[in-house]
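Geometric and topological summary
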Amino acid sequence: MLLKKENGWKNELVVEKKEIFEFCEEYKRSLDLGKTEREYVKYGLSLAKSHGFVCASTKETLKAGDKVYYVNREKNLVLAVIGQEDITKGINYVVSHIDSPRIDLKQNPLYEELELAYMKTHYYGGIKKYQWASIPLSLHGIVILSNGEKKEIIIGEREEDPVFTIPDLLPHLAAKYQGERKTGEVIKGEELQIIVGTIPTTLKDDSIKEMVKYSVLEELNKAYGMIEEDFISAELQLVPAFKAKDVGLDRSLIGAYGQDDRICGYTSLKAIIDIEGIPTKTAVCFLADKEETGSNGSTGLQSNYLEYFTADLISKTKLNYSDLDLKKTLWNSNALSSDVNAAVDPLFKGVHDCQNAAKLNYGIVVTKFTGSRGKSGTNDADAEYVWSIRNLLNTAGIVWQTGELGKVDEGGGGTVAKFLAEVGIKTIDVGPALLAMHSPFEVSSKLDIYETYRTYKVFFEKMN
């Protein structure tokens, strides 16, 4: 029998168009409310609490049906629903990342030149730098003041707010200065600087040499109590100031910043919240950080936080907890590394092997391996586990497809899958496809979003 996949809108799902579109309205709202990992944890935590999840630290013991959450340094969120089976028989994890490519302020960012105040930046994750010039940017993050007080900063999201921008060079003068540069250097990293002010201070003080810079500091002090040294203990990020929007005359697509990978973060949150009854296996939704820079640090998947909260879950469901219980649980567990893949764009289809590439509207993408060139840095799920996922999706009537991240020698990329597999968890990458991935305005399919939600929900409820 020939393998045949088709556009999901051609089958019976068309009758569910209204439900799919309604589902995606809250997804768009989540993207607008959570443009940084801290903001997305705050959004997800609020959603979880409203559906009965309680802090795990308030529970000494856990029983089947209990719903708890963990928060790690305001950048990881874990939701767990305790299952009917002994937890050492395995957990069903869906693991997404909620950090996205962006531009961070440097620790000492503010300076003045030619009576213009600028702030210096350092980009985070893989971006095409030229895409971030001459667009409206908003500033998000926190600052810890000298007295230890934490201030949240969001500038550029409200209609009345100012925005920021990285000025580009006009085309009239760019032919030689930029035209001879390679694509990756049309805008260089050190040229990713935002303009923040032009009006000098009115303060009469001969010791002030940079009067525009001083005026900017006055504004920050007035609004947040900041002094210049406070930038050192701040996390301030520049992200696109525009909102998530429907794309196309048929409104079938969504364009927004940060869909890699908050598209999986939202659908996995909704899936664990919407679990029907008590699952057989304990279900865990894990929203992680730092994937875009290699999953390093105490909030990335290379930390031992997964082992930490898993051990806590085991100790609260079993008597006489031992280290062997943790190892058994992880080795018997299943995971979906829920991350996006690249959809084929007919304008650039030459970088794909179209027979093995994902398409918009063809449902969620099952990616057996990632990595680059010789599968470097991949998990490469075993055939038995791929079959179990395939069987699960077919039995549930999920619209799904397979995909790879480009031709063999074209490039590639990685996910958190290999870090889950390293502790013994059976793992595969399963998530929707995007156009314009890592750009300030990524494009997704509403049908694919809904099928992603359905996949994660059936995985939590039915995966053995």
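What comes next is a walk through the structure. (Residues numbered from 1 in each chain as written. Predicted model: local features only at pLDDT ≥ 70, side-chain atom pairs only at ≥ 80, totals over all residues. Heavy atoms only, no water.)

1. Comments concerning the packing of helix H1 (residues 17–33) against helix H2 (residues 37–49)
Rules: The convention used is that axes are lines fitted to C-alpha atoms, helices contributing only their stretch in contact, and that angles between N-to-C directions extend from 0 to 180 degrees. Helix and strand definitions follow DSSP, with helices as H or I runs of at least four residues and strands as E runs of at least two, each counted in order from the N terminus. For classification purposes, an angle smaller than 35 degrees is called roughly parallel, one larger than 145 roughly antiparallel, one from 65 to 115 roughly perpendicular, and anything else oblique. Two residues qualify as a contact provided that any one of their heavy atoms is within 4.5 Å of a heavy atom in the partner residue.
Where H1 contacts H2, the axes come no closer than 8 Å and their chain directions differ by 135°. Classified by the angle between their axes, H1 and H2 sit oblique to one another. Of the residues in H2, those touching H1 at Glu-26, Arg-29, Ser-30 and Leu-33 are Glu-39, Tyr-40 and Tyr-43.

2. Let's talk about the environment of Glu-157
Definition in use: Two N or O atoms count as a polar contact when they lie within 3.5 Å, although within protein this holds only if one can serve as hydrogen donor and the other as acceptor, and sequence-adjacent residues are included solely when both atoms are side-chain atoms.
Residue placement: Glu-157 occurs in the loop between strand S8 (150–155) and helix H3 (171–177). A polar side-chain atom of Glu-157 sits 2.6 Å from a polar atom in the side chain of Ser-138. Engagement of the side chain of Glu-157 in a polar contact is seen with the side chain of His-140, the distance being 2.9 Å.

3. Description of the nonpolar core
One broad trend across soluble globular proteins is that nonpolar side chains are buried collectively. Stated precisely, the cut-off is as follows: By nonpolar core we mean a set of buried residues, namely Ala, Val, Leu, Ile, Met, Phe, Trp, Tyr and Cys, connected to one another through side-chain atoms within 4.5 Å. Exposed residues in this analysis have more than 50% of their type's maximum accessible area, buried residues have under 20%, and partly exposed residues fall in between, with area computed by a 1.4 Å probe over protein chains only.
Judged by nonpolar contacts, the single largest core of 57 residues is most densely connected at Leu-79, Ile-272, Leu-336, Ile-389, Phe-459 and Phe-460. Ranked by the residues each element gives to this core, the list is headed by helix H10 (residues 446–462), at 8 residues. The contact partners of Ile-389, leaving out residues within four places of it in the chain, are Leu-336, Ile-428, Val-430, Phe-459 and Met-463. Membership of the second largest hydrophobic core comes to 32 residues, among which are Trp-132, Leu-137, Ile-155 and Phe-231.

4. Considerations on the environment of Ala-436
Within the fold, Ala-436 resides in the loop between strand S21 (433–434) and strand S22 (442–445). Overall, Ala-436 belongs to the partly exposed group, its relative accessible area being 42%. Each C-alpha atom, one on Ala-436 and one on Val-344, is 10.0 Å from the other, the two residues being 92 residues apart in sequence. Contact partners of Ala-436, with chain neighbours within four places excluded, come to Phe-441 and Glu-442.

5. Looking at the side chain of Asp-260
Worth spelling out the cut-off: The charge count includes Lys and Arg as positive and Asp and Glu as negative, but it does not include His or the ends of the chains. One speaks of a salt bridge when a side-chain nitrogen belonging to Lys or Arg is within 4 Å of a carboxyl oxygen belonging to Asp or Glu.
Within the secondary structure, Asp-260 sits in helix H5 (residues 259–273). For the buried residue Asp-260, which engages in no salt bridge, the nearest side chain bearing the opposite charge is Arg-262, 9.0 Å off. Within the structure, the side chain of Asp-260 is placed 3.0 Å from the side chain of His-438, a separation counted as a polar contact. When neighbours within four sequence positions are excluded, Asp-260 is seen to be in contact with His-97, Asp-99, Ser-100, Pro-101, Glu-292, Asp-339, Val-340, Leu-434, Met-437, His-438 and Glu-442.

6. What to know about the pattern of salt bridges
Using the criterion set out here, one finds 34 salt bridges in the structure. Linking Glu-85 and Lys-281 is a salt bridge whose minimum nitrogen-to-oxygen distance equals 3.3 Å. Linking Glu-85 in the loop between strand S3 (76–81) and strand S4 (91–97) with Lys-281 in the loop between H5 and strand S13 (282–288), this pair joins segments that are 196 residues apart in sequence. Here Lys-446 ties to Asp-246 by a salt bridge, and the two come within 3.0 Å at their closest N and O atoms. In this pair, Lys-446 is assigned in helix H10 and Asp-246 in strand S11 (residues 245–247), connecting sequence segments 200 residues apart. Take Lys-446 and Asp-246: they sit in the same class, and that class is buried. Because the salt bridges share partners, they merge into one network encompassing Glu-25, Lys-28, Asp-246, Arg-251 and Lys-446.

7. Details of unusual backbone geometry
The bulk of non-glycine residues show a negative phi, and the bulk of peptide bonds are trans. The omega torsion across Asp-260 and Asp-261 is 15°, close enough to zero to call that bond cis. With respect to the secondary-structure elements, Asp-261 resides in helix H5. Here the phi dihedral of Lys-290 falls at roughly 70°; this positive angle occurs in a residue that is not glycine. Within the secondary structure layout, Lys-290 lies in the loop between S13 and helix H6 (305–317). Look at Ala-436: it is not a glycine, yet its phi comes out positive at around 60°.

8. Digging into the side chain of Asp-325
Residue placement: Asp-325 occurs in helix H7 (residues 323–331). Buried charge without a salt bridge: Asp-325, with Lys-318 as the nearest opposite-charge side chain at an N-O distance of 4.7 Å. With near-sequence residues (within four places) excluded, Asp-325 lies in contact with Thr-88, Ile-314, Lys-318 and Asn-320.

9. With respect to the packing of H2 against H5
Threshold: Whether a crossing is left-handed or right-handed is set by the direction in which the near helix is turned from the far one by less than a right angle, anticlockwise for left-handed and clockwise for right-handed. Any residue outside Ala, Val, Leu, Ile, Met, Phe, Trp, Tyr, Cys, Pro, Asp, Glu, Lys and Arg is labelled polar, Gly included; the first ten of those are nonpolar and the last four are charged.
At a minimum axis separation of 11 Å, H2 and H5 run at an interaxial angle of 15°. Relative to H5, the element H2 is oriented roughly parallel. Crossing angle aside, the handedness with which H2 passes H5 is right-handed. From H2, Glu-37, Tyr-40, Tyr-43, Gly-44, Leu-47 and Ala-48 reach across to H5, where they touch Arg-262, Gly-265, Tyr-266, Leu-269 and Ile-273. A class-by-class count of the residues in the contact of H2 with H5 yields 7 nonpolar, 2 polar and 2 charged.

10. Considering the sheet that holds S8
Rule in force here: Think of it this way: DSSP has to see at least two bridges between two strands before they count as a pair.
Read across the sheet, 6 strands follow the order S8-S7-S10-S5-S6-S9 without closing on themselves; strand pairing throughout is antiparallel. Here the strands that pair on one side only, and so sit at the sheet edges, are S8 and strand S9 (194–197). The sheet shows a mean angle of 30° between the axes of neighbouring strands, direction not considered. Of the strand pairs in this sheet, strand S7 (residues 137–144) and S8 are connected by 6 bridges, and their pairing is antiparallel. Paired with His-140 across the bridge in S8 is Ile-154. Across the sheet, H2 is in contact with strand S5 (102–113), S7, S8 and strand S10 (234–240); its angle to S8 comes to roughly 100°. Most of the contacts of helix H4 (residues 211–224) go to S5, to which it runs at about 130°, and overall it touches S5, strand S6 (116–124), S8 and S9.

11. Brief notes about the pairing of strand S2 (residues 67–72)
Bridge count for strand S1 (residues 54–55) against S2 is 2 bridges, and the pairing is parallel. Along S2, the bridge assignment pairs Val-54 with Val-68. Where S2 folds back on S3, the antiparallel hairpin that results is connected by 3 residues, among which Arg-73 adopts a positive phi of roughly 55°.

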